[in-house]
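Below are the chains, spelled out letter by letter.
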Amino acid sequence: MPKDHARKNDLAHLKESLGIKHADAIALWEHPDADERATLREYLATYVDINTYGEAVDYLTQEKNDPRNQLLCEKCGWTNAMVCPECPGCGCYNGECSGWRHHEYADEPDDDDPDHGIYCRECGAGSCSPYDECTCFEDDEEQDQEQQQAVPA
């Protein structure tokens with residue numbers, strides 16, 4: 001009886017916290033792999049377009065089959081999406097290669113970088129991706145152009 005009561009409480013908690021139906025809660029609770037179960041739960045909690053156990057499993061399968069998520073190096077754990085174009089490619093070359101990719105995926109902060117990977121302190125551009133562009137000064141440029149147009153020559 002206590003085992004069934006604990007299961008009932010766990011299922012009720014899953015349904016309430018994730019907003020899923022009873023059948024989805026049972027399928028999630030009975031999922032055989034604990035790591036996958038945690039990932040599926042994260043998907044259901046995070047993504048608004050994933051509302052059922054089946055959708056979460058489909059997304060997990062898609063993520064696993066994505067070539068970018070395939071392991072590049074077993075030693076350092078880098079995936080194909082993390083490859084550095086400036087060296088043989090993986091995290092084993094941290095400290096040897098000065099490429100931006102090594103700084104992006106470094107485990108410890110880079111003491112040589114005073115911004116610690118954030119390229120704009122105001123908007124945070126560049127903190128998530130080196131391709132993020134700072135837009136802080138676009139408004140200033142627009143105001144300068146408007147002022148120049150307003151002033152007669």
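If you're wondering where the values come from, they're calculated on a predicted model, not measured in any experiment.

What counts, and at which threshold
Residues numbered from 1 in each chain as written. Predicted model: local features only at pLDDT ≥ 70, side-chain atom pairs only at ≥ 80, totals over all residues. Heavy atoms only, no water. Helix = DSSP H or I, 4+ residues; strand = E, 2+ residues; numbered from the N terminus. Contact = heavy atoms within 4.5 Å. Areas by Shrake-Rupley, 256 points an atom, 1.4 Å probe, with all protein chains shown as cover. Phe/Tyr/Trp six-rings, centres within 6.5 Å; stacked < 30°, edge-to-face > 60°. Buried < 20%, exposed > 50% of the residue type's maximum accessible area, 1.4 Å probe, protein only. Arc of directions from axis to C-beta. Disulfide = S-S within 2.5 Å. Expected span 1.5 Å × (residues − 1). Polar contact = N/O pair within 3.5 Å; in protein donor to acceptor, adjacent residues only side chain to side chain.

(A) Focus on the overall build of the chain. For the chain, the count of helices and strands is six helices and zero strands. Ordered by position in the sequence, the α and β elements of the chain form the string α-α-α-α-α-α. Of the contacts made within the chain by residues no fewer than 6 positions apart, 15% connect residues no fewer than 24 positions apart. Here the chain has roughly 11,500 Å² of accessible surface; of this, 48% comes from carbon and sulfur atoms.

(B) Region of interest: the packing of aromatic side chains. Going through the model one piece at a time under the given rule, you end up with three aromatic pairs. Centre to centre, the rings of tyrosine 43 and tyrosine 47 are 5.7 Å apart; their planes meet at 50°, and the pair counts as tilted. Note on tyrosine 47: relative accessible area 34%, which makes it partly exposed.

(C) Structural context of helix H2 (residues 22-29). Taken together, the buried positions of H2 are Asp24, Ala25 and Leu28. One side of H2 holds all its buried residues, which, seen down the axis, span an arc of 100°.

(D) View of the state of the cysteines. Here the structure, examined in full by the defined rule, presents zero disulfides. Cysteine cysteine 84 is unpaired, with the sulfur of cysteine 87 as its nearest cysteine sulfur at 3.8 Å.

(E) Representation of helix H3 (residues 34-46) in the model. Between the first and last C-alpha of H3 there are 18 Å, a value that for 13 residues agrees with the 18 Å anticipated at 1.5 Å per step. Sitting at the head of H3, aspartate 33 places a side-chain oxygen 3.0 Å from the backbone nitrogen of aspartate 35.

(F) Layout of the side chain of histidine 31. Following the sequence through the fold, histidine 31 ends up in the loop between H2 and H3. Polar side-chain contacts of histidine 31 include one of 2.7 Å to the side chain of tyrosine 53. If we ignore the near neighbours within four places in the chain, the residues touching histidine 31 are Glu36, Arg37, Leu40 and Tyr53.

Shape is all these values report; function is a separate question.
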